[in-house]
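Geometric and topological summary
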Amino acid sequence: MGSLDTGFSLKREQNLLRSSPFGSKPRSRFARLVLFKRIHYLQWVCTVAVFFFFVALFQIFLPSSFMENSENSGRGGEVVYSGDLMLLKEIGGLDFGEDIMLEASKLLVKFQKESNEVNVSSRGGGRFGYRKPKLALVFADLLVDPQQILMVSVAVALREIGYEIEVYSLEDGPVLAIWKNMGVPVTIFKADVVVDWLSYDGTIVNSIEAREVLSHRFSLLQEPFKSVPLIWSIHEGTLATHLRQYMLSGQFELLNDWKNFFSRATVVVFPNYALPMLYSVCDSGNYFVIPGTPAGAWGAENFMVSYEDNQRLRMDYGPDDFIIVIVGSHFFYSGLWLEHAFVLEALLPLLTDFPFDNNSNSYLKIIIVSGDLTGNYSVALEAIALNLRYPRNIVRHVVDEDADSVLSMADLVIYGSFLEEQFFPDILVKAMCHGKPIIAPNLSIIHKYVDDRVNGFIFPKENIRVLKQILSQLVSKGKLTTLARDIASMGKRTAENLMVSETIEGYASLVENVLKLPSEVALSKAVTEIPSKMKEKWQWQLFELIPNSTRKNRTLRSHKFLEKVEKQWTRNQTRGSGAVFGTNETSLYHFLEEEKQIEMANTRKRGEEEVLKDRTDQPRGTWEDVYRSARKADRSKNNLHERDDGELERTGQPLCIYEPFFGEGTWPFLHRSSLYRGVGLSNKGRRHGADDIDAPSRLPLLNNPYYRDVLGEYGAFFAIANRVDRIHKNAWIGFQSWRATARKDSLSKTAETALLDAIEARTHGDTLYFWVRMDMDPRNPLQQNFWSFCDAMNAGNCK
């Protein structure tokens, strides 16, 4: 199976993380790993303090220095290694990341067990799947970005094995045409768009910018939609930075708001193991990793389109400079500087191949890319370079944020970290997609996708001398050799579609195990039946006709979105705190006087109602008037729900149609006219100011969630039937599900009038009326009449 499961428990014997930016103690299983970019800053201070002491050790232990053979001591000698990496690690006090291990959690096993139980029970009761499993893909927009490319590729595979897919988006974009050409229905959210999420067996929400779909406006955080399986795919790291700032600035309510969104998701999917560590503060045990993304290839192409000017000039490099870039792990462990020392030492012989200009500057330039933002690492690298006798201005340190710029102008890229990781390094993918020849140690995850001398070069991390031999084959007279260019070209083709199979199979497996399909849904085909051609490459061809001008900076858009959320949150906080404290004494006095007058008016009204209630004389008028007075007295005794003008209008009608509902998410689908009346299946989530019936007060069994879920809308039928004369005074009674309105199958205005006319005229006597859009029901492709269709759906029991 192509997915890699996390929920991540961490095993570390060394106490590398002394504190957390999210509190005094880690608040989740990822909290200890979030700090890898900030590990031991005190250690760097100590390093600088004892640097001169280590100079002596460099001469003895580091391969960056060299020991001279006694036989050749007078001639400068030959470089002899002093035990390679294992000897270095015996220095002690440094961490080389070897004990960093993320263990797979029981998350996928849990989903598999629950899915199997549902499927077994469905088979036991008879599965008669008349429809395909249905998924909703939700996006913040339909602009071209790696997530769209990934999801289009996944959707093509899912449809092939039996899934039906619909797309929703908060904003329009050029990818709309791609989805429609695939035959996928697309809905752009507008002010009047509401969705019955129960129509879908699961949803896949993409990017943090789609958070609005999870909010109260679109109800995925509300009942009854909270039970719909939700997979949230997050590929951005921007929110992680903001979450840390919320903690430091004390904005805990905003932080908790994001935690609620993360906990709503059934699964939060990341493309690598670094992101869930950065988002550890929001981890509720539902994190999952499916490795692979087209972001590297897309980013490299998009960068070249966006920055056509010369990057070398922008970063003060000349056109004749030969630039070697050293990249490394996502994690910043304290022993990384020793590994970089290994690589720098191996590059020393190249100095002889590069001449110096008139200002005694070498044309060889070395850039080390790492994530340390404190400046301490730059100091350490400068000290190492000087100790290795590099001329000044050759070795330079830049941070990860400039990686795209650096990779675009590099001639050669070396992976300088020896840490065994669980995913192929993203930065190495970017380098390959930029068309650069790469050299990497023989780490298992790298060796899995890089063939030595085919699409890259591999050297054993235990023997740095091989790295020198490789460099001699790639660089000749200050230029890349033909072999290096050929391998770079092959590496680019490899990286453009790296790990496509793992990604598509990972999402298909996850969807298969997360969804709990009812008996009327046909099971999809097995993941292994996805055609191999759909797992060989991303669906690049579908995006070829979209102009490059439509591509936007996703990181910049993400930051702007988060700033918008923060401003909205700040306004809400200001509004809430300023409502009372911002008033002066005069306005406060008027406010209290107004409240006093309202309370006095309410007291007089209650007194008048008590007097009317106690009168014994029989009022004159129709039975509707008597009923209205009785209901007013009943309201003063037991205020189970608020009344509105609809109750007065309803008394003169022959028909009342009840609409059972559960939760605030169903409110947009309920009618407000006097012909209809809501029946709340729970005493929570009732509409304010509506004449709804509280079903649990009439049928206490519904207070038990188990029976409420088992009975469903039938619980409303029983609640109304229980002493029906006490609540229903109309001649005719009807029921209509809110889901009929969601499917646009409810009574139209014309149908309402026709039904009322038929009842009043007793056209069909005392009969039962059913309404259903037979022409639009997907279960009725043969356009059968009602009774034939009903028999087909209910084993012939309708007639």
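Just so we're clear, the structure is a prediction, and the values are computed from it rather than from any experiment. (Residues numbered from 1 in each chain as written. Predicted model: local features only at pLDDT ≥ 70, side-chain atom pairs only at ≥ 80, totals over all residues. Heavy atoms only, no water.)

**So, the overall build of the protein chain**
If you tally the helices and strands in the protein chain, you get 30 helices and 21 strands. Evaluated residue by residue, the protein chain yields a buried proportion of 50% over its 799 residues. A separation of at least 24 residues holds for 73% of the contacts in the protein chain among residues at least 6 apart in sequence. (Helix = DSSP H or I, 4+ residues; strand = E, 2+ residues; numbered from the N terminus. Buried < 20%, exposed > 50% of the residue type's maximum accessible area, 1.4 Å probe, protein only. Contact = heavy atoms within 4.5 Å.)

**Considerations on the sheet that holds strand E4 (residues 164-169)**
Ordered in space as E5-E4-E3-E6-E7-E8-E9, the 7 strands form an open sheet in which the pairing is parallel. Since the sheet does not close on itself, it has two edges, and those belong to strand E5 (186-188) and strand E9 (287-289), each with one partner. This sheet shows a mean twist of 25° between the axes of neighbouring strands, independent of strand direction. Of the pairings in the sheet, the one linking strand E8 (residues 267-270) to E9 comprises 3 bridges and is parallel in character. Within E9, the residue paired with Phe270 across the bridge is Val289. Packed onto the sheet, helix H5 (residues 146-160) meets strand E3 (134-139), E4, strand E6 (202-206) and strand E7 (230-233) and runs at close to 175° relative to E3. Each of E7, E8 and E9 is contacted by helix H9 (residues 252-264), which is oriented at about 120° to E7, the strand it contacts most. (Pairing = 2+ DSSP bridges. Axes fitted to C-alpha atoms, helices over the stretch in contact; angles between N-to-C directions.)

**Quick look at the side chain of Arg677**
Tracing the backbone shows Arg677 in strand E19 (residues 676-680). A polar side-chain atom of Arg677 sits 3.1 Å from the main-chain carbonyl oxygen of Asp691. (Polar contact = N/O pair within 3.5 Å; in protein donor to acceptor, adjacent residues only side chain to side chain.)

**Brief notes about the nonpolar core**
Core analysis: the biggest nonpolar cluster contains 100 residues, and Trp197 and Trp258 have the highest contact counts within it. Per-element accounting of this core gives the leading share, 9 residues, to helix H13 (residues 336-347). Beyond its immediate sequence surroundings of up to four residues, Trp197 is in contact with Ala136, Val138, Tyr168, Phe189, Thr203, Val213, Phe218, Leu220, Phe225 and Val228. By size, the runner-up hydrophobic cluster in this structure holds 51 residues, among which are Leu137, Ile149, Tyr163 and Ile165. (Core = buried A, V, L, I, M, F, W, Y, C linked by side-chain atoms within 4.5 Å.)

**Some thoughts on a nonpolar patch on the surface**
A cluster of nonpolar side chains, namely Leu701, Tyr706, Tyr707 and Val710, defines an oily patch on the protein surface of about 410 Å² accessible area. Given a relative accessible area of 40%, Leu701 falls into the partly exposed group. (Patch = residues over 30% accessible without salt bridge, like charges linked within 9 Å, V, L, I, M, F, W, Y side chains within 5 Å. Areas by Shrake-Rupley, 256 points an atom, 1.4 Å probe, with all protein chains shown as cover. Salt bridge = Lys/Arg side-chain N within 4 Å of Asp/Glu carboxyl O.)

**A short note on the pairing of strand E21 (residues 732-735)**
Going residue by residue along E21, you find Trp732 and Gly734 tucked away on one face and Ile733 and Phe735 left uncovered on the opposite face. Where strand E18 (residues 655-661) meets E21, 4 bridges bridge the pair, whose relative direction is parallel. Opposite Cys656, over in E21, you have Ile733 as the bridge partner.

**Here we look at helix H27 (residues 714-721)**
The set of residues buried in H27 consists of Gly715, Ala716, Ala719 and Ile720. For H27, the buried positions fall inside an angular range of 135° around the axis, keeping them on one side. Summarising the geometry of H27, the exposed residues directed more than 90 degrees from the buried face are Tyr714 and Ala721. The elements touched by buried residues of H27 are E18, E19, strand E20 (693-694), helix H25 (695-698), helix H26 (705-711) and E21. (Arc of directions from axis to C-beta.)

**Side note on the sheet that holds E20**
Sheet architecture is open: 4 strands sit in the order E20-E19-E18-E21, paired in parallel fashion. Of all strands in the sheet, those with a lone pairing partner are E20 and E21, marking the two edges. Of the pairings in the sheet, the one linking E18 to E19 comprises 5 bridges and is parallel in character. Residue pairing in the sheet places Pro660 in a bridge with Val679 of E19. In the packing of H27 onto the sheet, contacts are made with E18, E19, E20 and E21, and the angle to E21 comes to roughly 160°.

**Side note on the pattern of salt bridges**
For the coordinates displayed, the defined rule picks out 14 salt bridges. Asp141 is the salt-bridge partner of Arg557, the closest N and O atoms lying 2.9 Å from each other. Taken as a pair, Arg557 in helix H21 (residues 554-581) and Asp141 in the loop between E3 and H5 lie far apart in primary sequence, 416 residues in all. What makes Arg557 partly exposed here is its relative accessible area of 25%. Notably, a salt bridge pairs Arg312 with Asp411, separated by 2.9 Å at the nearest N-O pair. Of this pair, Arg312 sits in helix H12 (residues 311-314) while Asp411 sits in the loop between helix H15 (403-409) and strand E13 (412-415), placing them 99 residues apart in sequence. Among the residues examined, Arg312 registers a relative accessible area of 12% and is labelled buried.

**Observations regarding the packing of aromatic side chains**
All chains considered together, the criterion is met by 26 aromatic pairs. Ring plane angle 55° and centroid distance 6.4 Å describe the contact between Phe262 and Tyr287, whose orientation is recorded as tilted. On the criterion of sequence distance, the pair formed by Phe262 in helix H9 and Tyr287 in strand E9 is long-range, its members being 25 residues apart. With relative accessibility at 0%, the residue Phe262 sits in the buried group. For Tyr287, a relative accessible area of 0% gives the class buried. Here the aromatic cluster, defined as three or more aromatic residues joined through ring pairs, consists of Trp232, Phe262, Phe270, Tyr279 and Tyr287. Residue placement shows Arg211 over the ring face of Trp258; its charged tip is 4.6 Å from the ring centre. (Phe/Tyr/Trp six-rings, centres within 6.5 Å; stacked < 30°, edge-to-face > 60°. Lys NZ or Arg CZ within 6 Å of the ring centre and 35° of its normal.)

**Digging into the confidence of the model for the protein chain**
Interpretation of this model should avoid reading the predicted coordinates in detail wherever pLDDT is low. A residue-level look at the protein chain finds 74% of positions with pLDDT of 70 or above and a mean pLDDT of 78. Confidence, expressed as mean pLDDT per element, reaches its minimum in the protein chain at strand E1 (residues 9-11) with 37 and its maximum at E7 with 97. Low pLDDT (under 50) marks residues 614-620, which in the prediction has 1 contact with non-local residues, meaning those over four places away or in another chain. Below a pLDDT of 50 lies the segment residues 636-643, which in the model reaches 19 contacts outside its immediate sequence neighbourhood of four places, other chains included. (pLDDT = per-residue confidence, 0-100.)

**Examining the environment of Leu170**
Structurally, Leu170 is set in the loop between E4 and helix H6 (175-181). The class of Leu170 is buried, set by a relative accessible area of 17%. Spatially, the C-alpha atoms of Leu170 and Ala140 are 5.0 Å apart, while their sequence positions differ by 30 residues. Those residues in contact with Leu170 that lie beyond four places of it in its chain are Phe139, Ala140, Ile188, Phe189, Glu209, Ala210, Glu212, Val213 and Phe218.

**Here's the deal with the environment of Glu760**
Note that Glu760 resides in helix H29 (residues 749-761). Since its relative accessible area comes to 55%, Glu760 is described here as exposed. Residues Glu760 and Gln653, 107 residues apart in the sequence, show an inter-C-alpha distance of 9.5 Å.

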